[in-house]
Amino acid sequence: MAHSARTDCPELPDFFLLKRLARDQLIYLLEQLPGKKDLFIEADLMSPLDRIANVSTLKQHEVDKLYKVEYKPIVSTSDQLCFLIRPRIQTVKWICDVANADKATGRFRRYKIIFTPQKFYACDAVLEEQGIIGDVTTDEWSFYLLPLDDDIISLELPEFFRDNFLAGDQRWVRTAGSALHLLHSLYGPFSKVYGIGRCSKMAYESWREQVEEGEQKARQAEIGKVFLIDRDVDFVTPLCSQVVYEGLVDDIFKIKCACVEFGPDVTSSDKSIKVMLNSQDRVFNEIRNEHFSNVFGFLSQKARNLQTSYDKRRGMDIKQMKTFVSEELKGLKQEHRLLSLHIGACESIMKKKTKQDFQELLKTEHSLLEGFEIRESISFIEEHINRQVSMIESLRLLCLLSITENGLLPKDYRSLKAQYLQSYGVDHLLTFANLRQLGLLVEQQPGETLTVMESKVGKLVNDRTGGKLSDAFSSLAKKSNFRALSRKLNLVPKSDEEYDLRVPRDMAYIFSGAYVPLSCKLIEQVLERDGWTGLEEVTRLLNGHEFAVTGSSGADSKAKNDAQRIILVMFLGGCTFSEISALRFLGRERGCKFIVVTTAITNSSRLIEALLDNLV
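Residues numbered from 1 in each chain as written. Predicted model: local features only at pLDDT ≥ 70, side-chain atom pairs only at ≥ 80, totals over all residues. Heavy atoms only, no water.

- An unreviewed UniProt entry annotates the protein chain as VPS33B late endosome and lysosome associated originating from Sander lucioperca.
- Check the Sequence similarities (unreviewed entry) section of the UniProt entry for the protein chain; it says "Belongs to the STXBP/unc-18/SEC1 family." (UniProt positions renumbered as here; feature names shortened; annotations may be inferred.)

Written out as structure tokens, the structure is:
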């Protein structure tokens, strides 16, 4: 649609190889247990596995029946059981229960556990403790990366965010390093690596260790620069309501592994339909990055064009009709089906969003981002809580208020917290503790108390010998500094002139022209300056941990120059579809292409849900 863009963007690498490697390794592991076997798959591996090896592929390699891991006694009659699981203690304990139940009844079976993407020491410890380590064989399926689209790759590890940033559990950092190492070995060498955030630095160091351990072959680079960023560097962006089409579809229908299930309200029939949402869907590909206000106009124009193509049949002779049917009709019918689905999705979004006073909600968010009408915004949030509109939405607005205001005034904090607990239950007290620990919902400290604490903790954090002590204290130093960052990086465009969403002039279009995502602005600035020089004040406000390292240069040629314009951005802790849209826009403006690698696709609901602790 109407974007000013450079036309000389380089071609993206082909990531199909990642799928093929994962499938071949899985088949090899299944063949290590010869003969017919039943396969038990952990629930959250079902969708990723379906993208790598479908049921017929598994059946070809002697998988008899497929079961979902359900933590209850099994009904399988097979003599060979294979378990495809994440390295979780709960699942390993359940497998031990299955094996011990068989032992108790005198049943002999062979058991194989395939851990993905890797096995942790704790899993072996459980098997040993339960007395079955000699009865099972274990393997690792190094399935680190799932390509969701031409420019999106996911580790499909939603638990990374909570485990790393809340619990301080760093076991997944090695996984992120291994994923980077795989990309480096297939599409590198990288010429420059930038990053910001504590986790990014550790992932980078883990990757460097793996590079130094392995052999290095000279090859033609397909990816030039890499940017690593922690999710806690920018919490504001995922907490804002998404208004680009793909983001809205994710918020409302929940996209899972690039697949969405549209219910009867969208399909205008009595059944649901699963649809793949990627660049192969030509209709979706043209509207995915658009602000929602433009989508209906585009779809109605597309419908008119489609009708014109159908009308061409009239007056054709037999030969022309035969050509039309064999070459065009199938494509037109497919496009017609997709068009009607996306129109149905838009209507459903419109109904839901107008019902929830969406415009009022957006107005409040924009006021918070700009720092105006804060009292009115607090009144809106109070009403939202007291009307019990949505438990998650209320928390999201409270967090957005706290981050943008660098903490709430003590009386506001106490009042809003009390109202929330009265509306949604006192069992959310633990949730408030989690949000405070991450710096998402905090009380402003009187005077300089926090600043003094910050300096003390800063020393602890920077002192490597501090180890876990620094981890425990680092949460105390979390201040958002959003206002200062917003001014320094010009994140909130001046609202004195009209913003034309049909012809976006900057990345702020993804939030109706109200806010440029901090994460994407940092990437833009660092790439422009080829490092962090001149951004010292910004990195200080973001609590540091920034780095820029020059890698190998490779051969000097046109291919190398193309590779320099392919930039891989790795989000540790999740990334939103809005950020991906913003980076695509930036790529078109700069004549480069961004590949987004993320631990999982996130949005405001998933972010908040990961921090809930209301199970009393």
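1. Quick look at the pattern of salt bridges
In a structure, side chains of opposite charge can pair up when their charged atoms sit close to one another.
Inference 1: In total, this model carries 32 salt bridges according to the counting rule given.
Inference 2: One salt bridge in this structure joins Arg162 and Asp613, with 3.0 Å as the shortest N-O distance. Placement of Arg162 in helix 6 (residues 159-166) and of Asp613 in the segment after helix 27 (604-609) is noted, with a sequence separation of 451 residues between them.
Inference 3: Linking Asp163 and Arg171 is a salt bridge whose minimum nitrogen-to-oxygen distance equals 3.0 Å.
Inference 4: The structure contains a network of salt bridges with shared partners spanning Asp149, Asp151, Glu246, Arg288 and Arg584. (Salt bridge = Lys/Arg side-chain N within 4 Å of Asp/Glu carboxyl O. Helix = DSSP H or I, 4+ residues; strand = E, 2+ residues; numbered from the N terminus.)

2. A short note on the nonpolar core
Inference 1: By size, the foremost hydrophobic cluster in this structure holds 186 residues, and its most contacted members are Trp141, Leu183, Tyr245 and Met570.
Inference 2: Per-element accounting of this core gives the leading share, 8 residues, to helix 17 (residues 391-404).
Inference 3: The residues contacting Trp141, other than those within four sequence positions of it, are Ala22, Gln25, Leu26, Leu29, Leu49, Ile52, Leu84, Ile114, Phe115, Thr116 and Pro117. (Core = buried A, V, L, I, M, F, W, Y, C linked by side-chain atoms within 4.5 Å. Buried < 20%, exposed > 50% of the residue type's maximum accessible area, 1.4 Å probe, protein only. Contact = heavy atoms within 4.5 Å.)

3. Some points on the pairing of strand 10 (residues 259-262)
Inference 1: Only one face of strand 10 is buried: it carries Val260 and Phe262, and the other face, with Cys259 and Glu261, is open.
Inference 2: Pairing between strand 10 and strand 11 (residues 273-276): 4 bridges, direction antiparallel. Residue Val260 lies in a different strand from strand 11, and its bridge partner there is Val275. (Pairing = 2+ DSSP bridges.)

4. Examining the packing of aromatic side chains
Inference 1: In this structure the tally under the stated criterion is 22 aromatic pairs.
Inference 2: Consider the rings of Tyr71 and Trp94, whose centres lie 6.2 Å apart with planes at 75°: the pair is edge-to-face. Of this pair, Tyr71 sits in the loop between strand 2 (63-68) and strand 3 (80-85) while Trp94 is found in helix 4 (residues 89-104), placing the two residues 23 residues apart along the sequence.
Inference 3: A relative accessible area of 6% places Trp94 in the buried class.
Inference 4: Look at Phe227 and Trp532: their rings are 6.0 Å apart centre to centre, the planes differ by 50°, and that puts the pair in the tilted class. Note that Phe227 is positioned in strand 9 (residues 225-230) and Trp532 in the loop between helix 23 (518-529) and helix 24 (536-541), a separation of 305 residues in sequence. Across the pair, Trp532 and Phe227 agree in class, each one buried.
Inference 5: Through successive ring pairs, a cluster of aromatic residues spans Phe40, Tyr67, Tyr71, Phe83 and Trp94.
Inference 6: Positioned over the ring face of Trp207 is Arg208, at 5.2 Å from the centre of the ring. (Phe/Tyr/Trp six-rings, centres within 6.5 Å; stacked < 30°, edge-to-face > 60°. Lys NZ or Arg CZ within 6 Å of the ring centre and 35° of its normal.)

5. A look at helix 22 (residues 482-489)
Inference 1: Every buried residue of helix 22 is accounted for by Phe482, Leu485, Ser486 and Leu489. Down the axis of helix 22, the buried side of the element spans an arc of 100°, and every buried residue falls inside it. For helix 22, exposure combined with an orientation more than 90 degrees from the buried face picks out Arg487 and Lys488.
Inference 2: In this structure, the buried residues of helix 22 make contact with helix 9 (236-239), helix 15 (358-370), helix 17, helix 23 and helix 24.
Inference 3: Positive backbone phi, approximately 55°, marks Asn490, located one or two places after helix 22. (Arc of directions from axis to C-beta.)

6. Some points on the sheet that holds strand 12 (residues 546-550)
Inference 1: Here we have 7 strands laid out as an open sheet, ordered 6-7-14-13-9-8-12, and mixed in their pairing. The open sheet is flanked by strand 6 (146-149) and strand 12, the only strands paired with a single partner. Across the sheet, the mean angle from the axis of one strand to that of its neighbour is 20°, orientation sign disregarded.
Inference 2: Inspection of the sheet shows strand 6 paired to strand 7 (residues 152-154) by 3 bridges, in the antiparallel sense. Looking at strand 7, one finds that Pro147 is bridged to Ile153. (Axes fitted to C-alpha atoms, helices over the stretch in contact; angles between N-to-C directions.)

7. Brief notes about the sheet that holds strand 3
Inference 1: With parallel pairing, the 5 strands of this open sheet are ordered in space as 2-1-3-4-5. Of all the strands in the sheet, just strand 2 and strand 5 (136-140) have a single pairing partner and so form its edges. Neighbour-to-neighbour, the strand axes of this sheet turn through a mean angle of 20°, independent of strand direction.
Inference 2: Looking at chain direction, strand 1 (residues 37-41) and strand 3 are connected through 4 bridges and run parallel. The partner of Asp38 across the bridge, within strand 3, is Leu81.
Inference 3: Taken strand by strand, helix 4 contacts strand 1, strand 3 and strand 4 (110-115), and its axis lies near 170° from that of strand 3.

8. Regarding the packing of helix 16 (residues 374-386) against helix 18 (residues 410-424)
Inference 1: Packing of helix 16 against helix 18 leaves a shortest axis separation of 9 Å and a crossing angle of 20°. Taken as axis vectors, helix 16 and helix 18 run roughly parallel relative to one another. For the pair helix 16 and helix 18, the crossing hand works out as left-handed. Side by side, helix 16 and helix 18 meet where Arg375, Ile378, Ile381, Glu382, His384, Ile385 and Asn386 of the first sit next to Lys411, Asp412, Ser415, Leu416, Gln419, Tyr420, Ser423 and Tyr424 of the second.
Inference 2: For the contact of helix 16 with helix 18, a count of residues per class yields 6 nonpolar, 5 polar and 4 charged. (Parallel < 35°, antiparallel > 145°, perpendicular 65-115°, else oblique. Left-handed = near helix turned anticlockwise from the far one by under 90°. Nonpolar A, V, L, I, M, F, W, Y, C, P; charged D, E, K, R; others polar.)

9. Quick look at the packing of helix 6 against helix 7 (residues 171-187)
Inference 1: Packing of helix 6 against helix 7 brings their axes to within 9 Å, and their N-to-C directions diverge by 125°. Between helix 6 and helix 7, the crossing angle belongs to the class labelled oblique. Along its contact with helix 6, which presents Glu159, Phe160, Asp163 and Asn164, the element helix 7 presents Arg171, Trp172, Val173 and Ala176.

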